[in-house]
There are 2 protein chains.
Amino acid sequence: MEPPPGWAEVDGALERTFRLADFAAALAFVNRVGELAEAENHHPDVAIHWNRVTLRWWTHVEHAITERDRKLAALTNDLSESAGSGV
Amino acid sequence: MEPPPGWAEVDGALERTFRLADFAAALAFVNRVGELAEAENHHPDVAIHWNRVTLRWWTHVEHAITERDRKLAALTNDLSESAGSGV
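This write-up is about the structure you can find in this document. What you are looking at is a predicted structure, and each value in this text was computed from that prediction instead of being measured. Residue numbers restart at each chain and count upward from 1, following the sequence in its written direction. As a convention, the first chain written is A and the first ligand written is 1, with the rest following in written order. Where totals are concerned, whole chains, interfaces and linings use all residues; where local detail is concerned, this predicted model gives features only for residues with pLDDT of at least 70, and gives and counts side-chain atom pairs only at 80 or more. In computing side-chain properties, one takes all heavy atoms of the structure into account and sets aside hydrogens as well as water.

Secondary structure assignment for chain A yields two helices and five strands. Put simply, DSSP marks the helices as runs of H or I at least four residues long and the strands as runs of E at least two long, and each gets a number from the N terminus on. Secondary structure of chain A in N-to-C order comes out as β-β-α-β-β-α-β. C-alpha atoms define the radius of gyration in this analysis, and the globule rule sets the expected value at 2.2 Å times the number of residues to the power 0.38. In summary, chain A has a C-alpha radius of gyration of 12 Å against a globular reference of 12 Å for 87 residues, a match within 12%. Judged by the C-alpha coordinates and their principal axes, chain A covers about 35 × 25 × 20 Å. Each residue's exposure class comes from its accessible area (1.4 Å probe, protein chains only) as a fraction of the maximum for that residue type: buried when under 20%, exposed when over 50%, partly exposed otherwise. Here chain A holds 87 residues, and 47% of them are scored as buried.

Given below as structure tokens:
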């Protein structure tokens, strides 16, 4: 199955980098993703490099990308629409 | 000069990984570090892997570790004392 728009499969995870206005906006976006992750009890790897946020969704137990990862990647796109644009 | 306790020089940055109770605690710690970074206008690279937070302090302009990086690494240690223990 294709990953959601903007996402690519990289080293066994769905990965996308979002570019925000600045560090504060990047951190605010990470907090929104964090709320989603806590609600779903499914947590991406997160990397922040000033205004850039790289997320990696994958399923540890199955060592694979699952339907849940694709769903959460797509939901992350929704969050990013008000926070900034992906790169 | 020696890096602050718990920190090591890795690929030109002061790096340390902190292990928190869970993802929510890790994110809360990152927010405290983010407040410090905003106050100092100096921002570390941040990576979150569930309950583990890796921080890298370095000075982009000088492509080097400066006294400011050492200061902020030491201040991060103070923040971590109430948030979790470094690994």
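As a further point, take unusual backbone geometry. Even without being glycine, A:N41 reaches a positive phi, approximately 50°. You can see A:N41 is positioned in the loop between α1 (23–40) and β3 (45–49). On the accessibility criterion, A:N41 (58% relative accessible area) is exposed. Phi angles above zero are rare outside glycine, and B:W50 is one such case at about 50°.

With that out of the way, let us pick up α1(A). Residues and elements named next belong to chain A. To estimate how far a helix should extend, the number of its residues minus one is multiplied by 1.5 Å. With 18 residues, α1 extends 25 Å between its outermost C-alpha atoms, agreeing within 8% with the 26 Å of an ideal straight helix rising 1.5 Å per residue. Between N or O atoms, a polar contact is any pair within 3.5 Å; within protein, one atom must be a potential hydrogen donor and the other a potential acceptor, and residues adjacent in sequence are included only when both atoms are from side chains. Two or three places before A24, at the start of α1, stands the capping residue D22, its side-chain oxygen 3.3 Å from that residue's backbone nitrogen. Phi turns positive, to about 50°, at N41, one or two residues after α1.

Moving on to the pattern of salt bridges. Oppositely charged side chains can pair when the atoms bearing their charge come close. Residue and element names in this part refer to chain A. Salt bridges are defined as contacts in which a side-chain nitrogen from Lys or Arg sits within 4 Å of a carboxyl oxygen from Asp or Glu. Overall, the coordinates contain six salt bridges over all chains when judged by the stated rule. Linking R56 and E15 is a salt bridge whose minimum nitrogen-to-oxygen distance equals 2.8 Å. Of this pair, R56 sits in strand β4 (residues 52–57) while E15 sits in strand β2 (residues 13–19), and the two are 41 residues apart along the sequence.

On to the environment of A:L79, then. Residue and element names in this part refer to chain A. Looking at the element boundaries, L79 is found in helix α2 (residues 67–83). Residue L79 is classed as buried on the basis of its relative accessible area, which comes to 15%. Note: C-alpha distance between L79 and V30 (49 residues apart in sequence) is 9.9 Å. The criterion used for residue contact is that any of the two residues' heavy atoms lie within 4.5 Å. Setting aside chain neighbours within four positions, we find L79 in contact with F29, R32, V33 and L36.

How two aromatic rings sit relative to each other is set out by the distance from centre to centre and by the angle between their planes. Within 6.5 Å between ring centres, the rings of Phe, Tyr and Trp (the latter by its six-membered ring) count as paired, and their orientation is classed by plane angle as stacked under 30 degrees, edge-to-face over 60, tilted in between. Scanning the model with the defined rule gives four aromatic pairs over all chains in all. The interplanar angle of 65° and the centroid separation of 5.8 Å between the aromatic rings of B:W7 and B:F18 together place this pair among those described as edge-to-face. Residue B:W7 is located in the segment before β1 (8–10), and its partner B:F18 is located in strand β2 (residues 13–19); the two are separated by 11 residues in the primary sequence. The same class applies to B:W7 as to B:F18, namely buried. Connected via pairs of aromatic rings, a cluster forms that spans A:W7, A:F18 and A:F29.

This part takes up the side chain of A:D45. Structurally, A:D45 can be placed in strand β3. Note that His is not counted, nor are the chain ends; the positive residues are Lys and Arg, and the negative ones are Asp and Glu. The buried charged residue A:D45 lacks any salt bridge, with A:R56 as its nearest oppositely charged partner at 4.8 Å. In terms of polar contacts, A:D45 uses its side chain to reach the side chain of B:H49, at 2.7 Å. In this structure A:D45 touches A:T54, A:L55, A:R56, A:W58, B:I48 and B:H49, once residues within four positions along its chain are discounted.

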